[in-house]
Amino acid sequence: MSETKVKEFAETVGTPVKRLIEQMHSAGIIVKNADSKISDDQKQQLLTYLRDKHGSVSKASPNKITLRRKTTSELTATSNTTRTTSKVKVEVRKKRTYVKRTKVETPISEADAELLEARRLTQEAKKAEETSQIQQEENLKSQQEAEVQAEKDRKQAKIEAEKKRLEDEAAEKQLKLDEEARIKAAKIETKEIEKLARKQTKPILKEAPRGGRAAPKPKAKPKVTPKVASKPVSNTKTNESTNASKPANTNKPKVDPAKRHPDKPKYSANKQFRKGKGKAKKKRFNAPEIETRHVFEKPTEVKIINVEIPETIKVGDLAQKMSVKAGEVIKIMMNLGSMVTINQMLDQETASILIEEMGHVPVLMKDEEIEENLMEEHVEGVKEGRAPVVTIMGHVDHGKTSLLDYIREAKVAEGEAGGITQHIGAYHVDTDKGMITFLDTPGHAAFTSMRSRGANATDIVIVVVAADDGVMPQTKEAVQHAKAANVPIIVAVNKIDKEAADPERAKNELSALDVIPEDWGGDVMFMPVSAKTGQGIDDLLDAISVTAEMMELEAVPDGPAKGIVIESRLDKGRGTVATILVQSGQLNKGDIIIAGQDHGRIRAMMDENGGMIKHAGPSIPVEVLGLSGTPTAGSEVLVVKSERKAREVALFRQGKYRDTKLARQQAAKLENMFSKMESGHVQNVNIVLKADVQGSVEAIADSLRKLSTDEIKVNIVADGVGGINVSDAQLAVASNAIIIGFNVRAEVSARKIIEAEEVDLHYYSVIYDILDEIKSAMTGMLSPEFKENIVGVAEVRDVFRSPKLGAIAGCMVIEGTLKRSSPIRVLRDNVVIYEGELESLRRFKDDVQEVKSGIECGIGVKNYNDVKEGDQIEVYERIQVKRTL
């Protein structure tokens, strides 16, 4: 008697386990859970219970079923007598009875049941085998289809490549045809211009204006005037008496046609009157009383014009200033060896040469008149003392920012990437010795331009030298910047708290740069300090105060402000943020300022700690919001009265910069073309550069350009301030460029394009990493260099002649190893007489691959039979050497 678990029995009958357990409890069968086992008798007991509860299947099901169906439709009937139509409803009823056949259940023996079970298992196994076979066939078929599709794709790719090649050839051919057509058209145009110029050379001075008449002789004027005046009188009499007879007019003197006034019409006034023109036409004949005719007088000498030339001017505008046609100017430029168009920009020097060539006088205009008018608004007032502006300069990692941190009691160095200052920081500090403004410049070699700007905007330069490191390259550069700006120097010898500190070493090395300490008889103060312990900081501040008092620094505290841009960047939430150092006047919130090519109204003003302020006086660094763009660091900042004036000056500067740039590009096009032709193929590393501040952009771009060599050129496709946007990504795709983000990130939309097009994107926060990676990438692009390495040398002892191989040299290997099929040189008296390949190498009668030193062998030189006894055969190999920048 078999037993089954409750959950298996529930799966067999297709009912939930919980419901089955409830039914079994109702039937008097006690089970604990789904894992309890039940016997066949319990199953039969449950079946009996369910039949009694719901009724037997044999009783409930009927033996006979009757189906009835009724359908209704309409028929259209036509009457023959009345010729009318009528609709008749037709109902069809159907009835069908089904009788259930009785089924006699016969008991099945155990042998039959086992046989049926065996058949069922066999059928299932056969079905599983067929299913597996079908699956294998489908897999094989799909694999074959994939191979066929791959073959089709390869063929299609091959066809596409061939098609592209043909299109490229056709495009190249079309370009050649277009170039030939352009050259031909240029020649025809040149001939037409020369022909037109030849035609117009003489008529320019001889022809009268279009429609003009020849001037009458002076002696004919007295005779013409009275006759013209008498004619209108007779006409008036005629008009007053319309019924007068014709003989009344015949007594009037006739005017000789030869003496008729040139402006008098040939028809008479009577005809005009008869045509009904009336009095309006009478006045027409009174006009000759006043001489109104235009008389052209032939010029007797060439007129010389003073032509004013701005810094850039169009060819058409220059022709208009000289009162000649543009074609004449283009012709002169062609004679001077330059092809130009009517809308092309010329620089001031080229325009001056052209004007002198055409016989006029060039007058160089001063485009700075707008700038001069702008400066006139800044009237000097009463000057008062101001705080000194001190710039801290020195080599990287010598402790400049740490020194300033101790003075400010802040922690700026910890926030810098790699502990290295990346851009200029401006701070003002209230000390016991008074207020001092500090400019902290980067010490890395890439930030030369920043240090130069810091030196030009400062009053005092503090050169920081590490006592344990001495004078380094950027220390020398800092001294040079300070001397170039004619700014007093104070040397701060830092890190004197270290055991390896040697302040005297710094003095000795700086004295070589003409920086002589005071205790050595010079004029430079040396201050030993420690940015870590604070030792010597008070002495340094005293030195700054004394130097500032000796300089007598003054500025106008009131009036329109004037300053300089220290740094600028693009903030995503606030827009353009510019750090400005006020040099004179008072900068207020709401002032309209112009900074380089950008302008705007100050919307907000903050100090270096981020606090909002409304006013800033001389020597105060502030951050301002509201400019139209990111001005270049070092640009002069001026407050103007009106926004219109600011916009006018900004547009003037933008146009001037753009025109000058276009003129230079046009002049350099031909030179670039020839240089490219001479230099051959040059590989380019295209870069799209984005950084957080303008100063970092300039510094990184300059450093990357300095990596260029004769073979590989670093090309900055675009640079700017702010995050990497869609435009930058599309530009990188179009120019096949690398995108470099310095302290910035790409926008979501830009990242999608970068991922889809697989653009190379790199983020950096330290400038060292940028230069190192670009340098390594450029090293991989260098063409390989090969070096020759001598493998072995053999001396010819005898020469044998072979009918098949020609001259065979019997040799002794005296150095190294000879290898078959290697390049060789034949030397006679230590002079190379032949270079070729080792064709055969034998030891006795056997061909060998190599022969070592001290062993005899036979050598056959390919395509050379003039081997003699005493010659040397040198075998060498070429080794590829990795190149570095």
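Model, not experiment: these values are computed from the prediction.

K.L.:
How would you explain the overall build of the chain if you had to name every residue and give the values?
P.N.:
Secondary structure summary: the chain contains 23 helices and 36 strands in total. When burial is assessed residue by residue, the chain has 35% of its 885 residues classed as buried. Nonlocal contacts in the chain, meaning residues at least 24 apart in sequence, comprise 69% of its contacts between residues at least 6 apart. When the accessible surface of the chain is split by element, carbon and sulfur atoms take 50% of a total near 56,300 Å².

K.L.:
I'd love a proper account of the sheet that holds strand 28 (residues 761-764), names of residues and values included.
P.N.:
Sheet architecture is open: four strands sit in the order 26-25-27-28, paired in parallel fashion. Looking along the sheet, the strands with just one partner apiece sit at the ends: strand 26 (712-721) and strand 28. Strand-to-strand, the axes of this sheet are offset by a mean angle of 25°, without reference to chain direction. Examined bridge by bridge, strand 27 (residues 738-742) and strand 28 share four bridges and lie parallel to one another. When the bridges of strand 28 are listed, I739 appears paired with L761. With respect to the sheet, helix 20 (residues 694-705) is in contact with strand 25 (683-691), strand 26 and strand 27, its orientation differing from that of strand 26 by roughly 175°.

K.L.:
I'd love a proper account of the packing of helix 11 (residues 326-335) against helix 12 (residues 348-357), names of residues and values included.
P.N.:
Interhelical geometry of helix 11 versus helix 12 gives an angle of 105° and a closest axis separation of 10 Å. Of the possible angle classes, the one that applies to helix 11 and helix 12 is roughly perpendicular. Of the residues in helix 12, those touching helix 11 at V329, I332 and M333 are T350, L354 and E357. Considering only residue class, the contact of helix 11 with helix 12 consists of four nonpolar, one polar and one charged.

K.L.:
Tell me what's going on with the nonpolar core, and back it up with residues and numbers.
P.N.:
In this structure, L403, F438, I462, I490, L540 and I544 are the most contacted members of the largest nonpolar core, which totals 25 residues. Among the elements that take part in this core, helix 18 (residues 537-551) stands out by supplying six residues, more than any other. In terms of nonpolar packing, the next biggest core, distinct from the first, is built from 22 residues, I700, I716, F742 and I774 among them.

K.L.:
Describe unusual backbone geometry, naming the residues involved and giving the relevant values.
P.N.:
The residue D514 is not glycine, and still its phi comes out positive at about 65°. Mapped onto the elements of the fold, D514 is located in the loop between helix 17 (503-511) and strand 15 (525-528). Taking relative accessible area as the criterion, D514 reaches 57% and is therefore assigned exposed.

Basis of the calculations
- Residues numbered from 1 in each chain as written.
- Predicted model: local features only at pLDDT ≥ 70, side-chain atom pairs only at ≥ 80, totals over all residues.
- Heavy atoms only, no water.
- Helix = DSSP H or I, 4+ residues; strand = E, 2+ residues; numbered from the N terminus.
- Buried < 20%, exposed > 50% of the residue type's maximum accessible area, 1.4 Å probe, protein only.
- Contact = heavy atoms within 4.5 Å.
- Areas by Shrake-Rupley, 256 points an atom, 1.4 Å probe, with all protein chains shown as cover.
- Pairing = 2+ DSSP bridges.
- Axes fitted to C-alpha atoms, helices over the stretch in contact; angles between N-to-C directions.
- Parallel < 35°, antiparallel > 145°, perpendicular 65-115°, else oblique.
- Nonpolar A, V, L, I, M, F, W, Y, C, P; charged D, E, K, R; others polar.
- Core = buried A, V, L, I, M, F, W, Y, C linked by side-chain atoms within 4.5 Å.

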